[in-house]
Amino acid sequence: MDMYQVYEQDWSILPPEHNRRFNPAFNIATIKQVVNEAIERVRMPTPTRLRDLIRQIRAARTAAEERTVVNKECAYIRSTFREEDSVWRCRNIAKLLYIHMLGYQAHFGQLECLKLIASSRFTDKRIGYLGAMLLLDERQDVHLLITNCLKNDLNSSTQFVVGLALCTLGAIASPEMARDLASEVERLIKSPNAYIKKKAALCAFRIIRRVPDLMEIFLPATRSLLTEKNHGVLITGVTLITEMCENSADTLNHFKKIVPNLVRILKNLILAGYSPEHDVSGVSDPFLQVKILRLLRILGKNDAEASEAMNDILAQVATNTETSKNVGNTILYETVLSIMDIKSESSLRVLAINILGRFLLNNDKNIRYVALNTLLRTVHVDTSAVQRHRTTILECLKDPDISIRRRAMELSFALVNAQNVKTMMKELLSFLDRSDPDFKAQCSSAIVLSAEKYAPNKRWHLDTLLKVLIAAGNYVRDDMVSCTIQLVSGCGDTSLQARAARRLWGALSGGLAAEKQPLAQCAAWIIGEYGDMLVDPATTDDEDEAGTPTEGEIVDVYQKLLWSTQLSITTKQYLLLSLTKLSTRFTHGDEKTRQIIDTFGSHLNVELQQRGVEFSQLFKRHAPLRAALLERMPPLEMSSQINGEGNDEINVIHCNGDDVSTTNSPVHRIQDENSLLDLLGGTDIISNGETLQTPTKTVDANVTTNNQQYLLDLLGELDLSAPSIPSITSNSLDQNHMDIMANSNMTANLVNNNIAPTPQLFGMSSPMPHNNSNYLVDGLFSSNILETPVELPSITALNKGGLKILFTWEKSKEQMDTANITMTAYNSLSSTMSEFLFQAAVPRTFQIQMLSPSGAVIPSQGQVTQVLKVTNTSKAALRLRIKVSYSVDGATVLEQTEVNNFNMDMWN
């Protein structure tokens, strides 16, 4: 025993296998075990070492050769497991884990891992626990067997064994295992050993994330972690508190008391001298600083008192942190996020934005991207401070990195306002011209919206739209054509209309039609309407370089384009109708125009062939009516959404089954007083108990007034005493792309057949009743004439993608100021529309109640109806915004539009 006297004082720190020598009985058992192991080593061959297996696998030249090596080794490992080889179990499990990391099956070693965990050797436990973390999960039955082993090891006297058990518990804990061992972990958090305390805090973090209900168990012991001096315990304690605060509002309020403690710890880290143990590139423990800053951000959000307590320390961190190294930039980034999230002072927010501005000048692409991304998230907090860095942000549009360019583009549009719109649009148009095709669609859409919102005048607005059409080509959004046509038609300025025609003629004659077909469609419509101004030398301005074209030149260009094989059918429809209109605008060239149109009478495309035949009739049988039918279109009214300073509240009604609810939602004011408030766009619509974020979409409609309820007597043969024809409900222009050809098709059919138009031609669901007077006159159908209520003409609210929605209405018998509106949805597709949901919204001066729909599935060629009861106590004009969603062939379709041409007689 004298030979072991040197260990008598500190024998407890030795591994278990060394401590056996103090027990004679244990020494005898050890000797027997050593003899048995020696015998087994002699009897069984020595297995391949892990390093040798790795070398063999890496030496394999093909995947098949690698699989051969792995399969051979796995077969050997299985044989040793069957023979209960305890000598080389640890080495075999280590090799099996490496094989598992390569992606091969290794589940057959699960029970062997449990045997290693139960071993008394630390080396065996280490490999066993590692195998358990890699091979076990809560779906395996073996997972239940490890709970007892973990509990025993959590009570071990060796800190490293306890650490292994805590790591494994945090990695593979199921809810049941977490509930069984949570008390053990809570006890270890209070341990005086810093190593165990750190491991226990991390294990508690994983348990709380797995089972949030166990948070209360760890709450008393967690706050004491912030009083430790050990940085490892501090960082794990802050991590645990952060997780608790993010998961529970009550816990967040509880930990707001520790803000002074966190401020003190952060201040000590900043003012502390050089500490080699925690120094990283001259910064004292940046990992702990980042964790504390994040926790301060959570505690100070929406709390003025907590924010006031941390303002000074955030300013110190922002001004004293070294920015030459990436470590300092990391701390500054977290500081900026904290300043922007809490209720900080305005000067502190300006300091944070200036830090991000300096990040934009950094050579590191990652730092520039992070700065742009953060500025984009915080631009609404202090826009004026971000505006100071506008030049630097615009320079990022030229960055070679595509991610930086995309973020810079989004941030640039967020900075556009009425004061800088001209400068910003110049830079953004230049970016659009040289950008990749992936950017053109998004950039062109944003330019159109910004120009519509902040345009200083119509001329600048028009020039901007034309530049977008030229720069973006075929990548512009669908309603770009209708926006441009609306602007030109509704401006009311002949000089501006002539300017637009000349600019578009230059693009059309310059060979850009094939690559920029939306531009060609706009040019065709505008030249067809204002072709007489185009050939008038008096309308030439100083910017025209090409001069005034002749009528023959224009017709020749149209002929070349119509016979081109590169243009789409839609573009040729625009061109064909435009050429037909030009025959009434020009003084010469009718014969050549007629010949060009006649060639389309035998076109392979049915649409073009039909239009060719119909337009040809306007040059032959109905030549006297051609000028009247093709006269200039009336100005198109625009409904543009702008941001107002005030907010209005409207009632958004949605119906799900029998439940009807009303929510108050803020909306922006509309520039045109006759336009409907954007009731659904940009608001949260509740559907089936879930909140659905609805993107804002501006819907333009050609609104007809009450005094335009009759079709003009263009043919001179219609009897006005016949039933009056309701005006065609104007769907949004972006839905039908200004389909003027459809209206001309209908009119030409009336001319050819020499018949009065029927209600079916206007999308009506049923024939109109005949009467000898005006259909809309009050008291026309009184109760002594008709026994049943008379339905007013129906309105086509939506006709797109095979879905047509009609509104018919009648006065309520019970209430004089209430009308019953019946919505009928028709499915003209060959596929079934499922999950059909109809939503409607009215201004707050109205009250609306939606009854249950007849169904949520519209079969092919079928229909669904729903009744809307609208009460109008103010006798105002009804303005209705609708939204429809449904699924067809696995795809979800979302449509919305506005209907604002209901007749006032429905309330009288």
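Up top you'll find the structure we're talking about.
*Asks:* Could you clarify how one ought to interpret the overall build of the chain in this entry?
*Replies:* Broken down by element type, the chain carries 36 helices and 14 strands. The burial tally for the chain puts 49% of its 908 residues in the buried class. The contacts of the chain with a sequence gap of at least 6 include a subset with a gap of at least 24, amounting to 66%. Carbon and sulfur atoms form 50% of the exposed surface of the chain, whose accessible area is close to 44000 Å².

*Asks:* Explain the packing of aromatic side chains here, please?
*Replies:* Geometrically, a pair of aromatic rings is defined through the distance of the ring centres and the angle of the planes. In the structure shown here, the tally under the stated rule is seven aromatic pairs. Pairing Phe431 with Phe439 gives two aromatic rings, centres 5.8 Å apart and planes at 80 degrees, and the pair type is edge-to-face. With respect to burial, Phe431 and Phe439 carry one shared label: buried. Note on Trp809 and Phe902: the rings are 5.6 Å apart at their centroids and 65 degrees apart in plane angle, and the pair reads as edge-to-face.

*Asks:* Any chance you could explain the nonpolar core here in plain terms?
*Replies:* As a rule of thumb, nonpolar side chains are buried together in soluble globular proteins. Formed by 174 residues in total, the largest nonpolar core has its most connected members in Leu169 and Phe218. Considering each element in turn, this core owes the most residues, 11 residues, to helix α29 (residues 517-534). When sequence neighbours within four positions are dropped, the list of residues in contact with Leu169 reads Leu150, Leu154, Met177, Leu181, Val185, Cys203 and Ile207. Listed in part, the 34 residues of the second largest apolar core include Ala797, Ala819, Leu868 and Tyr886.

*Asks:* What's the story with the environment of Asp598 in this structure? I'm lost.
*Replies:* Of note, Asp598 is situated in helix α32 (residues 590-598). Judged by its relative accessible area of 25%, Asp598 is partly exposed. A C-alpha to C-alpha distance of 9.8 Å links Asp598 and Arg611, two positions 13 residues apart in sequence. In this structure, Asp598 is in contact with Ser616 and Lys620, ignoring residues within four places of it in sequence. Within polar-contact distance, the side chain of Asp598 engages the side chain of Ser616 at 2.6 Å.

*Asks:* What should I look at first to understand the pattern of salt bridges in this one?
*Replies:* When the charged atoms of two side chains lie near each other, side chains of opposite charge can form a pair. A full pass over the atoms with the stated rule returns 29 salt bridges. Note that Lys256 and Asp303 form a salt bridge whose closest N and O atoms lie 2.8 Å from each other. Here Lys256, found in the loop between α14 (249-255) and α15 (259-271), pairs with Asp303, found in the loop between α16 (286-300) and α17 (304-320); they are 47 residues apart in sequence, far enough to count as distant. When its relative accessible area of 16% is taken as the criterion, Asp303 is described as buried. Close ionic contact of Arg611 with Glu607 constitutes a salt bridge, the shortest N to O distance being 2.6 Å. A residue pair is termed a helical-turn pair when its members lie 3 or 4 positions apart in one helix, as Arg611 and Glu607 do in helix α33 (residues 606-617) at four residues. Of the residues examined, Glu607 reaches a relative accessible area of 36% and is grouped as partly exposed. Shared partners join several salt bridges into a network, and the residues in it are Arg49, Asp52 and Arg55.

*Asks:* Which parts of the structure should I look at to understand the sheet that holds strand β11 (residues 846-850)?
*Replies:* Pairing between the strands of a sheet comes from backbone hydrogen bonds, and it takes one of two forms, parallel or antiparallel. Spatially, five strands are ordered β7-β8-β9-β12-β11 in an open sheet, and the strand pairing comes out antiparallel. Of all the strands in the sheet, just β7 (795-800) and β11 have a single pairing partner and so form its edges. Each adjacent strand pair in this sheet contributes to an overall mean axis angle of 20 degrees, direction not counted.

*Asks:* Help me out: how do you make sense of helix α23 (residues 402-414) in this one?
*Replies:* Along an α-helix, residues three or four positions apart point the same way, because every turn accommodates 3.6 residues. If you check α23, its first and last C-alpha atoms are 19 Å apart, about what 13 residues at 1.5 Å a residue would give, namely 18 Å. Along α23, the positions that sit buried rather than exposed are Ile404, Arg405, Arg407, Ala408, Met409, Leu411, Ser412 and Phe413. The opening residue of α23, the one whose side-chain oxygen lies 3.0 Å from the backbone nitrogen of Ser403, is Asp401.

*Asks:* What is the right way to look at a nonpolar patch on the surface in this model?
*Replies:* A cluster of nonpolar side chains, contributed by Met101, Leu130, Met133 and Leu134, occupies part of the molecular surface with about 350 Å² of accessible area. For the nonpolar patch, the leading source of residues is helix α7 (residues 122-135), giving three residues. One can find Leu130 in helix α7. When its relative accessible area of 38% is taken as the criterion, Leu130 is described as partly exposed.

*Asks:* Got a minute to help me understand the pairing of strand β10 (residues 833-842) in this structure?
*Replies:* One face of the sheet, then the other: side chains in a regular strand alternate in exactly this way. Burial within β10 is extensive, with eight of its 10 residues counted as buried. Looking at chain direction, β10 and strand β13 (residues 880-888) are connected through seven bridges and run antiparallel. Counterpart to Ala841 in the pairing with β13 is Arg881.

*Asks:* Teacher, can you tell me more about the packing of helix α18 (residues 326-341) against helix α20 (residues 365-378) here?
*Replies:* To characterise two packed helices, one gives the angle between the axes of the helices and the distance between these axes. Relative orientation of the contacting elements α18 and α20 amounts to 5 degrees, with a least axis distance of 11 Å. In terms of their interaxial angle, α18 and α20 are classed as roughly parallel. The segment α18 lies against α20, with Asn326, Asn329, Tyr333, Val336, Leu337 and Met340 engaging Ile367, Val370, Thr374, Arg377 and Thr378. For the contact of α18 with α20, the residue count by class is six nonpolar, four polar and one charged.

*Asks:* Got a minute to help me understand helix α5 (residues 89-101) in this structure?
*Replies:* Over its 13 residues, α5 extends 18 Å from the first C-alpha to the last, a length consistent with the 18 Å expected when each residue adds 1.5 Å. For α5, the complete set of buried residues consists of Arg89, Asn92, Ile93, Ala94, Lys95, Leu96, Leu97, Tyr98 and Ile99. Looking at the packing, one finds that the buried side of α5 touches α3 (50-59), α4 (63-82), α6 (110-117) and α7. Positive phi shows up at Gly103, right after α5, with a value of about 105 degrees.

*Asks:* What's the story with the packing of helix α31 (residues 569-585) against α32 in this structure? I'm lost.
*Replies:* In contact at an axis separation of 10 Å, α31 and α32 are set at 155 degrees when each is read in the N-to-C sense. Relative to α32, α31 is oriented roughly antiparallel. The way α31 lies across α32 gives a crossing that is left-handed. Contacts between α31 and α32 involve Leu576, Leu579, Thr580 and Ser583 from the first element and Asp590, Thr593, Ile596 and Ile597 from the second. Looking at side-chain class alone, the contact of α31 with α32 contains four nonpolar, three polar and one charged residues.

*Asks:* How should the pairing of β13 be read in this particular structure?
*Replies:* Among the nine residues of β13, nine are classified as buried, and the element is accordingly described as predominantly covered. Because side chains alternate across β13, one face comprises the buried residues Leu880, Ile882, Val884, Tyr886 and Val888, and the other comprises Arg881, Lys883, Ser885 and Ser887, equally buried. Inspection of the sheet shows β13 paired to strand β14 (residues 891-899) by nine bridges, in the antiparallel sense. Residue pairing for β14: Lys883 is matched across the bridge by Gln896. Counted between consecutive antiparallel strands, the loop separating β13 from β14 contains two residues, among which Asp889 sits at a positive phi close to 55 degrees.

*Asks:* Is there a simple way to explain the environment of Thr464 in this structure?
*Replies:* With respect to the secondary-structure elements, Thr464 resides in helix α26 (residues 458-472). Each C-alpha atom of the pair Thr464 and Leu429 lies 8.4 Å from the other, and the pair is 35 residues apart in sequence. Non-local contacts of Thr464, meaning those with residues more than four positions away in its chain, are made with Leu429, Ile447 and Ala451.

Analysis parameters
- Here the residue numbers are simple positions, counted from 1 along each chain's written sequence.
- With pLDDT at 70 or above as the cut-off, local features in this predicted model cover only qualifying residues; side-chain atom pairs require 80 or more to be listed or tallied, and sums for whole chains, interfaces and linings still use all residues.
- No hydrogens and no water enter the side-chain calculation; it runs on all heavy atoms of the structure.
- Secondary structure elements are defined from DSSP: runs of H or I of at least 4 residues count as helices, runs of E of at least 2 residues count as strands, and each element is numbered from the N terminus.
- Under the scheme applied here, a residue whose accessible area is under 20% of the maximum for its type counts as buried, over 50% as exposed, and between as partly exposed, the area being computed with a 1.4 Å probe on protein chains only.
- When checking whether two residues touch, look at their non-hydrogen atoms; a contact exists if any pair is within 4.5 Å.
- Per-residue accessibility takes into account occlusion by the displayed protein chains alone, with areas from the Shrake-Rupley method and a 1.4 Å probe.
- Think of it this way: a Phe, Tyr or Trp ring, Trp meaning its six-membered ring, pairs with another when their centres are within 6.5 Å, and the plane angle makes it stacked under 30 degrees, edge-to-face over 60, tilted otherwise.
- Buried Ala, Val, Leu, Ile, Met, Phe, Trp, Tyr and Cys residues that are joined via side-chain atoms within 4.5 Å together make up what is termed a nonpolar core.
- Nitrogen and oxygen atoms within 3.5 Å of one another constitute a polar contact, given that in protein one can donate a hydrogen and the other can accept it, and given that sequence-neighbouring residues count only through two side-chain atoms.
- When a carboxyl oxygen of Asp or Glu is within 4 Å of a side-chain nitrogen of Lys or Arg, the pair counts as a salt bridge.
- A pair of strands counts as paired when DSSP detects no fewer than two bridges linking them.
- Orientation is described by axes fitted as lines to C-alpha atoms, over the contacting stretch for helices, and by angles from 0 to 180 degrees between their N-to-C directions.
- An expected span of 1.5 Å times one less than the residue number is assigned to each helix.
- A patch is a set of surface residues, each over 30% in relative accessible area and not in a salt bridge, joined within 9 Å for like charges and within 5 Å for the nonpolar side chains Val, Leu, Ile, Met, Phe, Trp and Tyr.
- Should an angle fall under 35 degrees it is taken as roughly parallel, and over 145 as roughly antiparallel, whereas 65 to 115 is taken as roughly perpendicular and any remaining angle as oblique.
- Side-chain classes follow a simple rule in which Ala, Val, Leu, Ile, Met, Phe, Trp, Tyr, Cys and Pro form the nonpolar group, Asp, Glu, Lys and Arg form the charged group, and the remainder, Gly included, forms the polar group.
- Note: crossing handedness is left-handed where the near helix turns anticlockwise from the far helix by less than a right angle, and right-handed where it turns clockwise.

Nothing here speaks to function; it is all geometry.
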